[in-house]
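Remarks on the overall topology
These are the residues of each chain, in order.
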Amino acid sequence: MTAAPPGTDAARALAERYGLKALAARPPLSEYLRDLWTRRGFILTLSSSRSEARYQNNQLGRLWSVFNPMLLILSYFLIFGVLLGTRRGVDNFIGFLSIGVIVFGVSGSVISSGARAVTGNTGLVRALRFPRAVLPVSVGITEMLANLPAFVILVVLMLASGERPTWAWLLFPLALVLQAVQIIGMALIAARITHGSRDVANLIPLLLRLLRYTSGVFFSISHYTANLPAAVGYVMEYQPFALQLTIVRQSLLAEYPLGLLPWVASAAWALVLIVGGLVFFWRGEASYGRG
Amino acid sequence: MAAAERTPSVVVSHLDIVYRVFGSRARTGGSGGLRGLLRGDGRAPRTVHAVKDVSFVAYHGESIGIIGRNGSGKSTLLRAIAGLIPPTSGEVWADGSPALLGVNAVLEKSLSGAKNIYIGAQALGMSRSQVDAVFDEIVEFSELGDFIHLPMSTYSSGMAAKLRFAISTATSPGVLIIDEALATGDAHFRARSHERITELRGRASTVFLVSHSANTVRDMCDRAIWLDGGVLVADGPVDEVVDAYEAAGRGSRWSPTDAPEPDVPGVERWFSRDRYTTSALTSSKAFEAGTDRVFLAAGQDLSVALATVPEAVRSAAPVLLVRSRTVPPPTLTELRRLSPAEIVLVGDETAVLPAVEQSLTDAGFTVRRVSGDGPCGTVAALAGGVPLGTPVHLAPHGDETAVLVAALEAVRDDGVVLLTGEDGVPGDVLDAIDTIAPHTVRVLGDADAVPESVVRAVRPLTDGAVQRVLSPSPAEASAEVSATGERTEVDVVYIAKAIGDVVTGAVIAGIAGAPLLLVERDEVPRSVDEELRRLRPAHLVIFGGAGSISPDLRQQLADYVEGSEDSEGETLDGMF
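**Details of the overall build of chain A**
The secondary structure content of chain A amounts to 14 helices and 1 strand. Within the span of chain A, comprising 291 residues, buried residues form 50% of the whole. For chain A, the accessible surface area stands at approximately 13200 Å², while carbon and sulfur atoms represent 67% of it.

Listed below in structure tokens is the structure:
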């Protein structure tokens, strides 16, 4: 009925002559990152709206973002502090435990919802075209925003449990930024893996549980690794989740003096994870949305 | 338009798309079981070759309609043009970032329309300040008024479609892709969206429109592309292509229902090629072999079959359909499987000929015929044994929708359905009402359908009230019946459009105590939408093929299924 469509080469020539872009092709990394940066407003809108929406169906609303961590801390205190007595080697156990529960809680939920960032948002992915890295990144930011009240609670608990403000407290926000960067990197990695094989999503809760008990949330790792080979203790103390807790404790708890090594290691992890995460996620960009 | 210097906006070259679909969970029928689990039934990725070697060039200012029957790859092609689905092979180039406006373009349902305007427009590449500038215009165009501040989960599908249209067109995209969305919304909104599209084309945008409706395509497009089975059949001026498409539709064996359709998890479809087969299939999915009784009624007169439904629910027996002269093979197969102690044949000897009764007896079944004078008398005879005071629902014979609503109501209040004829209520129906002495009589239909004289004749026979029920639409009526159940978080909700598909289904829904809701082909009416939200079903079963309930709507229905969206964050349980 109309002229036959051009052949492959002619089509490419035509597209190039008029400056048309190949849509499905994965853009070069630099362009991808630039595109992601120009969507920062979108990421913020998405994250803030989602964190606001979190408790909107509950009658007590946002108060839950305060109650939830308090109740968790209380239940862990009863189990570990009172029943099991894991407080050995820790002076301010309430302070120690609160930091563990809240800081690890954020990492845990970023990773479990980050894993579903692409597969759980098919509506958005199939409707609108944008760099898909927006989704896992926004999961991380959503969680940080939603937990702002919990971070404030943490500071209040510090004061209540007898800590007194020091200059080191100013490092607390820096510790949270390092944590955020690390877990966003991990969310990017988890999102692509889960998109490739949805079955992996079932292993994530298990992995998180394992990490919860080996990262020093409830008890001081060094206290328990004393009898283990040095290498094992090293790995357990310098894995990112343990470090996240260590540096927050160093900034807020008097019994943990500041040390340079954990902060440097944490910054190194942040760099490795965010760069690795972005590159790993970007390499799968052309496949998201199919299936 | 733009004929002087035709500049291309989209180039599609030898495009192939193969995608994986995940099978649906088999949660009913018990066919899965451990064996199914071990085999991984319905879990293994299945692939669909949706678009095959499609090439074309689209130009600025063009409006292109994509036509083809269900499952022909239209939507997939458009998603590929929008850059949402990566090609398996071949290439797509486009000018800028095409905006897709699709029925399934769900934004964030838990958030307000206003928040969604920011999310949608920013995702399409606008900055926050640019959205600020067009925000009022979007709200005004969407006609949502104060609803804009309510969560999108409270919107009807029409309202949501309007908002999506307003957002997508506000960004003045170089390429705008519209997927069936114009079918949603009222005539007024359609006219305004038509205007908006013309305006966009004037600004050298290219508009793609997917529609089942040849008229919409003729109306809005100057060029058409016809796809069939993923292959480009024709591409040219709209009238030529649409004429050819319509001619093919008339001339050949294809029907809009025979195309494959991707599985939608949580939303099953129970359907076969005709009402007889659908009825047998539905029965086979829900009834165990060895029932006490099976009701058989004529498939040509669904009024009688539907009026049998409440009685069948009481007996926990299926209703199957037969032709007036023969027992269709699927029905016979299902009868053999059920091997009932008794077959109750509902219909006089003109509705179901003696030959049918004979062939059933020959096949070894025990057959009891219930019949009276015509359809009305037959149904009255069926109501013979009900207890005194049973509620009566009176519907006009021939108005199948009214009879279905009457049957749904009767299932709910354990009543009976009786039929009125064209000349009022036959004597034997009045006798039946007199014998029952119902506490209430509900008359389904206005004074044209059931004359006032009927109401007057019935009134002395009841010790209660005679109520006339004027239901604005079947969908609304089904939602009302369901709402009186006050159930929520139900296991299953049945969905239907065409009455022919629903006879056996209504019995199953009745026995299961599950709601049966009626919808439009492409839309969930407002009242049903509200009811579905309230019910929060674990899964849905559709009675009917793609011709009566479109694949897009099926996709949309998945949103109502509880648990289809990932729960947020971890629960306390997950903390340990």
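Structure shown, so let's carry the discussion forward.
**Section: the overall build of chain B**
What chain B contains, in helices and strands, is 20 helices and 21 strands. Relative to its 576 residues, chain B shows a buried fraction of 56%. Long-range contacts, defined as pairs at least 24 residues apart, comprise 75% of the intrachain contacts of chain B with a sequence gap of at least 6. With an accessible surface of roughly 22500 Å², chain B has 51% of that area assigned to carbon and sulfur atoms.

**Some details on the packing of aromatic side chains**
Counted by the stated rule, this structure contains 19 aromatic pairs over all chains. With a centroid separation of 5.2 Å and 35° between ring planes, the pair formed by tyrosine 234 of chain A and tyrosine 238 of chain A is classed as tilted. Here tyrosine 234 of chain A falls in the exposed class, since its relative accessible area comes to 54%. Look at tyrosine 238 of chain A and you get partly exposed, because its relative accessible area is 23%. Grouping aromatic residues by their ring pairs yields a cluster made of Phe77, Phe93, Phe96 and Tyr256 of chain A. Positioned above the aromatic ring of phenylalanine 96 of chain A, the side-chain terminus of arginine 249 of chain A is 3.5 Å from the ring centre. Above the face of the phenylalanine 141 of chain B ring, arginine 196 of chain B is positioned so that its terminal group lies 4.2 Å from the ring centre.

**Side note on the layout of surface pockets**
Counted as a void, the second largest pocket has a volume near 760 Å³. For the second largest pocket, the lining is made up of 36 residues, of which Asp35, Arg39, Arg129 and Pro131 of chain A together with Ser97 of chain B are closest to its centre. Counting only elements with at least two residues in the lining of the second largest pocket, the list comes to strand S1 (21-22), helix H2 (29-38) and helix H3 (40-53) of chain A. No other element matches the 4 residues that H2 of chain A contributes to the lining of the second largest pocket. Across the lining of the second largest pocket, the residue classes break down as 17 nonpolar, 9 polar and 10 charged. When residues of the lining of the second largest pocket are assigned to domains, at least three map to each of domain 1 (1-98 + 175-258) and domain 2 (109-172) of chain B.

**Details of the sheet that holds strand S15 (residues 392-396) of chain B**
Residues and elements named next belong to chain B. Reading across the sheet, the 4 strands line up as S16-S15-S17-S18 and stay open at both edges, with parallel pairing between neighbours. If you trace the sheet from one side to the other, it starts and ends with strand S16 (416-420) and strand S18 (465-469), each paired once. Strand-to-strand, the axes of this sheet are offset by a mean angle of 25°, without reference to chain direction. Where S15 lies against S16, 5 bridges are found, and the strand directions are parallel. Bridging across to S16, alanine 395 finds its partner in leucine 419. Packed onto the sheet, helix H14 (residues 400-413) meets S15, S16 and strand S17 (440-444) and runs at close to 175° relative to S15.

**Here's the deal with the pairing of strand S14 (residues 367-370) of chain B**
All names here are of chain B. In terms of strand pairing, strand S13 (residues 342-346) meets S14 through 4 bridges, oriented parallel. Paired with isoleucine 343 across the strands is valine 367, a residue of S14. As for the winding sense of the linkage, the β-α-β connection from S13 through helix H12 (residues 354-362) to S14 is right-handed.

**Quick notes on the interface of chain B and chain A**
Each partner contributes residues to the interface: chain B has 65 residues there, and chain A has 57 residues. With both sides pooled, the region where chain B packs onto chain A buries about 5000 Å², and carbon together with sulfur makes up 59% of that total. Remark: the boundary between chain B and chain A carries 2 salt bridges. Between glutamate 52 of chain A and lysine 115 of chain B there is a salt bridge; the shortest N-O distance is 3.5 Å. Taken together, the links from chain B to chain A amount to 5 residue pairs in polar contact (both at pLDDT 80 or more). Contributions of two or more residues to the side of chain B that touches chain A are made by strand S1 (8-21), strand S2 (46-59), helix H2 (74-81), strand S4 (89-94), helix H3 (113-123), strand S9 (231-237) and helix H8 (238-251) of chain B. Looking at the side of chain B that touches chain A, the element that brings in the most residues is S1 of chain B, giving 9 residues. For the side of chain B that touches chain A, the residue count by class is 35 nonpolar, 17 polar and 13 charged. In this structure, S1 of chain A lies alongside S4 of chain B, joined through 2 bridges in antiparallel fashion. Across the sheet, the residue bridging to lysine 21 of chain A is alanine 94 of chain B, located in S4 of chain B.

**Structural notes on the nonpolar core**
By size, the foremost hydrophobic cluster in this structure holds 86 residues, and its most contacted members are Leu418, Tyr494 and Leu516 of chain B. For tyrosine 494 of chain B, the residues in contact, after removing those within four places along its chain, are Trp270, Ile508, Ala509, Ala514, Pro515, Leu516, Leu517, Val541 and Phe543 of chain B. Of all hydrophobic cores here, the second largest spans 77 residues; its members include Phe80, Val134, Phe172 and Leu278 of chain A.

**Considerations on unusual backbone geometry**
All names here are of chain B. Unlike most non-glycine residues, aspartate 53 shows phi in positive territory, near 50°. With respect to the secondary-structure elements, aspartate 53 resides in strand S2. Of the residues examined, aspartate 53 reaches a relative accessible area of 46% and is grouped as partly exposed. The backbone of aspartate 414 sits at a positive phi, close to 55°, despite the residue not being glycine. Tracing the backbone shows aspartate 414 in the loop between H14 and S16. Taking the relative accessible area as the measure of exposure, aspartate 414 reaches 46% and is therefore partly exposed.

**Some remarks on the sheet that holds strand S12 (residues 319-322) of chain B**
All names here are of chain B. Taken in spatial order, the 4 strands make up an open sheet running S12-S11-S13-S14, and their pairing is parallel. Taken across any chain shown, the strands that pair with only one partner, and hence form the sheet edges, are S12 and S14. Pairwise comparison of adjacent strand axes, ignoring direction, gives a mean angle of 30° for this sheet. The sheet contact formed by strand S11 (residues 293-298) and S12 spans 4 bridges and is parallel. For leucine 296, the partnering residue across the bridge sits in S12 and is leucine 320. Strand contacts of helix H11 (residues 329-338): S11, S12 and S13, with the helix running at about 145° to S12, the strand carrying the most contacts.

What counts and how
Residues numbered from 1 in each chain as written. Chains lettered and ligands numbered in written order. Predicted model: local features only at pLDDT ≥ 70, side-chain atom pairs only at ≥ 80, totals over all residues. Heavy atoms only, no water. Helix = DSSP H or I, 4+ residues; strand = E, 2+ residues; numbered from the N terminus. Buried < 20%, exposed > 50% of the residue type's maximum accessible area, 1.4 Å probe, protein only. Areas by Shrake-Rupley, 256 points an atom, 1.4 Å probe, with all protein chains shown as cover. Contact = heavy atoms within 4.5 Å. Phe/Tyr/Trp six-rings, centres within 6.5 Å; stacked < 30°, edge-to-face > 60°. Lys NZ or Arg CZ within 6 Å of the ring centre and 35° of its normal. 1 Å grid on protein atoms, 1.4 Å probe; cavity = no way out; pocket = protein on both sides within 12 Å on 5 of 7 lines; lining within 4 Å. Points joined across faces, edges and corners; volume = space filled by probe spheres on them. Nonpolar A, V, L, I, M, F, W, Y, C, P; charged D, E, K, R; others polar. Domains from an automatic or database assignment. Pairing = 2+ DSSP bridges. Axes fitted to C-alpha atoms, helices over the stretch in contact; angles between N-to-C directions. Right-handed = clockwise from strand over helix to strand, strands pointing away. Buried area = accessible area lost by both parts, 1.4 Å probe. Salt bridge = Lys/Arg side-chain N within 4 Å of Asp/Glu carboxyl O. Polar contact = N/O pair within 3.5 Å; in protein donor to acceptor, adjacent residues only side chain to side chain. Core = buried A, V, L, I, M, F, W, Y, C linked by side-chain atoms within 4.5 Å.

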